[in-house]
Amino acid sequence: MFSLVRGSVCAHLARRHAHSIPSFTHLNAVTHDDLAHFAKILPPNAILSTLPPNLNSADDLVPYNVDWMGKYHGQATTVLRPRTTQQVSDIVKFCASRRIGIVPQCGNTGLVGGSISLQKEIVLSLGAMNSVRSFDPVSGVLAADAGCILESLSDYIARYNHIMPLDLGAKGSCQIGGNISTNAGGLRFLRYGSLHGTVLGLEVVLPDGTVLDQLSTLRKDNTGYDLKQLFIGAEGTLGVITGVSILTPPAPRASNNIFLALPHFKNVLPLFQTVKRQLGEILSAFEYIDRTAYDMGLEHGLGPILNPDEVGDAQCFVLAETSGGNHDHDSEKLNNLLESLMSADEPLIYTGTLSQSPGQFASLWALREGLTECLQKEGKPYKYDLSVPLAEFQNVVDAVRARLISKGLYGDHGITKVMGYGHVGDGNLHLNAIAKYGYRPELEAALEPFIYELVASHKGSVSAEHGIGSMKTSALRYSKNDVSIEWMRKIKHVFDPLNIMNPGKVLPSV
Ligand code: FAD
Ligand code: 2HG
Ligand code: ZN
């Protein structure tokens, strides 16, 4: 079920906003005549609809109407799969004239319900726009259609010894347009930073159908407002991204990783400092996994990575990666690090392992990257993607578990596991609570807004990297003040006065 926007917040916002955005009631459902018009823009195989004359079954639309977690179930009757920017523009122009809502969708791996229709919007799937437009091996600038799968782009540029500046567990399905629309973070953020820095240009179809061509490949361009930044992380609420240009770094000559078991959470911060000091510029990732998540990974066959006797009662684990120019030099640094950690008077770690082969390197990463899929096998996960001070990671997880216990909701009948993992190096905690027998309102009520209030008390963010989608519209106010939300509304109104572009996402409805 979708999270409902809380009434009190809506009423409060409604009173204050001159730039109120029309609600769903202003939007029209797709009709037979609309389908006839779409058929003038797209070939028959690019239109899926449960309406006549297409009469696809609801099952045909499941891949577009149900999200990756199986948490959000959309109502779209019609999915359009354009191949060109011109087709996208024609569709959007028509939808604006008819006031039909549009949900832009790429890989549909988003974790906050942003890519699923809430009512009668069409799904505009970019997956058939999947060509590389150009790659310059000298500058490393890649231009591509929005529907290119992240992993395919990585494979494409690998032959030129370049890598994508972002990497995520969903790389085999997510698409670059979706990555940019969510401002995805992922596993390389520590080294290559945010997409706000690496995206050089975008081609966007605006909500009236105009094509905004800002597909620049320039590294430097200070000619006024940088409009493309608005679409990075806008989650499809301001326009449809159809093309991207992105700076890709040269592939590191050597990559290595280590996996460490720590007796206590309190050792994570001193360890991070030590690792940064000793590895310096070659440190490229510093990931955290708590004991519950580690054990879950092992139960699902993602290990063993460390000797169980040496792991003992370790409370948490760290995976650190190096990416550098000289394999021997980097290995020596990592070996020295491991030795100094193990031989310290008061060791910060119980044990650790350094990958010795590409296979081992991959299996250390597999444990960290595979956790999201393991959660799906355990039940239905409530996911919270938080920025909080590093020192609070464990406290936040413990507080949530304690709350569930105090409410009598911890156990087989409710939440079976609460765990934390994530990108310590970026201050990003992924808190997951598994509902073994499915999502239930009383479980959500115990978790929210409790978690958001906790995050706000630490001046954190309710969304570090996954976005707001439909899940967190009512939680936005915990991380953005009224003035900020008011200006977000004004921007939305300027671009999309009819509110056809991904309605009900990001901003709380009024
Ligand atoms: P979708 O899910 O299709 O869409 C996401 C949002 O963007 C929606 O609001 C949609 O309307 C909008 N959108 C999509 N395409 C366009 C477009 N062309 N124009 C305008 N708006 C558009 N996220 C991270 O940040 N870091 C991680 O490490 C990470 N790991 C993950 C691991 C797994 C196993 C899974 C399932 C997900 C993970 N995610 C992660 C979440 C998700 O993969 C990312 O948010 C990803 O960027 C979404 O891309 P997508 O192509 O699937 O977008
Ligand atoms: C990750 O870092 C992803 O693995 C997914 O962002 C996080 O499963 C999650 O909650
Ligand atoms: Zn993540």
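Calculation rules
- Residues numbered from 1 in each chain as written.
- Chains lettered and ligands numbered in written order.
- Predicted model: local features only at pLDDT ≥ 70, side-chain atom pairs only at ≥ 80, totals over all residues.
- Heavy atoms only, no water.
- Near = heavy atom within 4 Å.
- Polar contact = N/O pair within 3.5 Å; in protein donor to acceptor, adjacent residues only side chain to side chain.
- Areas by Shrake-Rupley, 256 points an atom, 1.4 Å probe, with all protein chains shown as cover.
- Helix = DSSP H or I, 4+ residues; strand = E, 2+ residues; numbered from the N terminus.
- Nonpolar A, V, L, I, M, F, W, Y, C, P; charged D, E, K, R; others polar.
- pLDDT = per-residue confidence, 0-100.
- Contact = heavy atoms within 4.5 Å.
- Donors = N, O, S within 2.8 Å, 3.2 Å for Na, K, Ca; no water.
- Buried < 20%, exposed > 50% of the residue type's maximum accessible area, 1.4 Å probe, protein only.
- Domains from an automatic or database assignment.
- Phe/Tyr/Trp six-rings, centres within 6.5 Å; stacked < 30°, edge-to-face > 60°.
- Lys NZ or Arg CZ within 6 Å of the ring centre and 35° of its normal.
- Core = buried A, V, L, I, M, F, W, Y, C linked by side-chain atoms within 4.5 Å.
- Pairing = 2+ DSSP bridges.
- Axes fitted to C-alpha atoms, helices over the stretch in contact; angles between N-to-C directions.
- UniProt positions renumbered as here; feature names shortened; annotations may be inferred.
- Salt bridge = Lys/Arg side-chain N within 4 Å of Asp/Glu carboxyl O.

1. Section: the site of ligand 2
Thinking step 1. In the neighbourhood of ligand 2, the contacting residues comprise Arg368, Thr372, Lys383, Tyr421, His423, His430, Asn432, Glu465 and His466.
Thinking step 2. Within the side chain of His423, a nitrogen or oxygen atom sits 3.0 Å from an oxygen atom of ligand 2.
Thinking step 3. Coverage of ligand 2 by the protein amounts to 87% of the 290 Å² it exposes when considered alone.
Thinking step 4. For the shell around ligand 2, the secondary structure elements donating two or more residues are strand S15 (415-423) and strand S16 (428-435).
Thinking step 5. By residue class, the composition of the shell around ligand 2 is one nonpolar, five polar and three charged.

2. Side note on the confidence of the model for the protein
Thinking step 1. Across the protein, the average pLDDT comes to 94, with 95% of residues at 70 or higher.
Thinking step 2. Counted against residues more than four places away or in other chains, residues 1-19, with its pLDDT under 50, gives 32 contacts.

3. Quick word on the coordination of the zinc ion (ligand 3)
Thinking step 1. Taken together, the protein donors to the zinc ion (ligand 3) comprise His423 (NE2), His430 (NE2) and Glu465 (OE), at separations of 1.9 to 2.1 Å.
Thinking step 2. Given a relative accessible area of 11%, Glu465 falls into the buried group.

4. Observations regarding the domain arrangement of the protein
Thinking step 1. Segmenting the protein into domains produces domain 1 (8-128), domain 2 (132-247), domain 3 (256-356) and domain 4 (379-479).
Thinking step 2. One C-alpha centre belongs to domain 1, the other to domain 3; they are set 45 Å apart.

5. Things to note about the packing of aromatic side chains
Thinking step 1. All chains considered together, the criterion is met by 13 aromatic pairs.
Thinking step 2. Between Phe231 and Phe495, the ring centres sit 5.4 Å apart and the planes meet at 85°, which makes this aromatic pair edge-to-face. With Phe231 in helix H9 (residues 228-231) and Phe495 in helix H19 (residues 482-495), the pair connects residues that are 264 residues apart, well separated along the chain.
Thinking step 3. Residue class for Phe495 comes out buried when judged on its relative accessible area of 18%.
Thinking step 4. Both rings, one in Phe259 and one in Tyr294, keep their centres 6.1 Å apart while their planes meet at 35°; by these two values the pair is tilted. Residue Phe259 is found in strand S10 (residues 254-262), and its partner Tyr294 is found in helix H11 (residues 291-299); the two are separated by 35 residues along the sequence. Of the two residues examined, Phe259 and Tyr294, each falls in the buried class.
Thinking step 5. Taken together, the ring pairs in this structure connect Phe135, Tyr156 and Tyr160 into an aromatic cluster.
Thinking step 6. Here the guanidinium or amino end of Lys276 rests over the ring plane of Phe272, the centre of that ring lying 4.3 Å away.
Thinking step 7. Taking the ring centre of Trp487 as reference, the NZ or CZ of Lys490 above it sits at 3.9 Å.

6. Some words on the site of ligand 1
Thinking step 1. Not every one of the 34 residues close to ligand 1 is listed here, only the nearest: Pro104, Cys106, Gly107, Thr109 and Gly110.
Thinking step 2. Between Ser181 and ligand 1, the recorded distance is 3.0 Å, taken from a side-chain N or O atom to a nitrogen atom.
Thinking step 3. At a separation of 3.0 Å, an oxygen atom of ligand 1 approaches a polar backbone atom of Gly185.
Thinking step 4. Across the complex, the protein chains shield 97% of the 970 Å² of accessible surface that ligand 1 would expose by itself.
Thinking step 5. Looking at the shell around ligand 1, the elements with two or more residues in it are strand S3 (102-105), helix H6 (176-182) and strand S9 (240-247).
Thinking step 6. Among the elements that make up the shell around ligand 1, the one with the highest residue count is H6 (four residues).
Thinking step 7. Considering only residue class, the shell around ligand 1 consists of 11 nonpolar, 21 polar and two charged.

7. Quick look at the nonpolar core
Thinking step 1. Formed by 62 residues in total, the largest nonpolar core has its most connected members in Leu271, Phe286, Tyr384 and Leu431.
Thinking step 2. Excluding residues that lie within four positions of it along the chain, Leu431 makes contacts with Tyr382, Lys383, Tyr384, Leu386, Val396, Val397, Val400, Val418, Met419 and Ile451.

8. Comments concerning the environment of Leu153
Thinking step 1. With respect to the helices and strands, the residue Leu153 is situated in helix H5 (residues 150-158).
Thinking step 2. The class for Leu153 is buried, based on a relative accessible area of 1%.
Thinking step 3. Sequence spacing of Leu153 and Val132 is 21 residues, and the spatial spacing of their C-alpha atoms is 7.8 Å.
Thinking step 4. Among residues more than four places away in sequence, those in contact with Leu153 are Val132, Leu142, Ala144, Cys148, Met164 and Ile176.

9. Quick word on the side chain of Thr248
Thinking step 1. For Thr248, the location among the structural elements is in the loop between S9 and S10.
Thinking step 2. Look at Thr248 and you get buried, because its relative accessible area is 2%.
Thinking step 3. Polar contacts involving the side chain of Thr248 include one to the main-chain carbonyl oxygen of Gly140, which spans 2.7 Å.
Thinking step 4. Residues within four places of Thr248 in sequence aside, it is in contact with Phe135, Gly140, Leu142, Ile157, His162, Ile163, Met164 and Pro165.

10. What about the sheet that holds strand S7 (residues 199-205)?
Thinking step 1. Taken in spatial order, the five strands line up as S5-S6-S9-S7-S8 in an open sheet, and their pairing is antiparallel. Of all the strands in the sheet, just strand S5 (132-136) and strand S8 (211-214) have a single pairing partner and so form its edges. Across this sheet, the average inter-strand angle for adjacent strands is 10°, counted without regard to direction.
Thinking step 2. Looking at chain direction, strand S6 (residues 141-145) and S9 are connected through five bridges and run antiparallel. Within S9, the position partnered with Asp145 by the bridge is Gly243.
Thinking step 3. Packing against the sheet, helix H4 (residues 85-98) makes contact with S5, S7, S8 and S9, and its axis sits at approximately 50° to S7.

11. Section: the UniProt feature "domain: FAD-binding PCMH-type" (unreviewed entry) in the protein
Thinking step 1. With numbering matched to this structure, UniProt assigns "domain: FAD-binding PCMH-type" (unreviewed entry) to residues 72-251.
Thinking step 2. Helix makes up 23% of residues 72-251 and strand 22%, whereas the separation of the span's terminal C-alpha atoms amounts to 37 Å.

12. A word on the pattern of salt bridges
Thinking step 1. All told, the structure shown has 15 salt bridges when counted by the stated rule.
Thinking step 2. Each of the salt bridges in this network shares a partner with another, and the network as a whole consists of Asp167, Lys171, Arg188 and Glu369.

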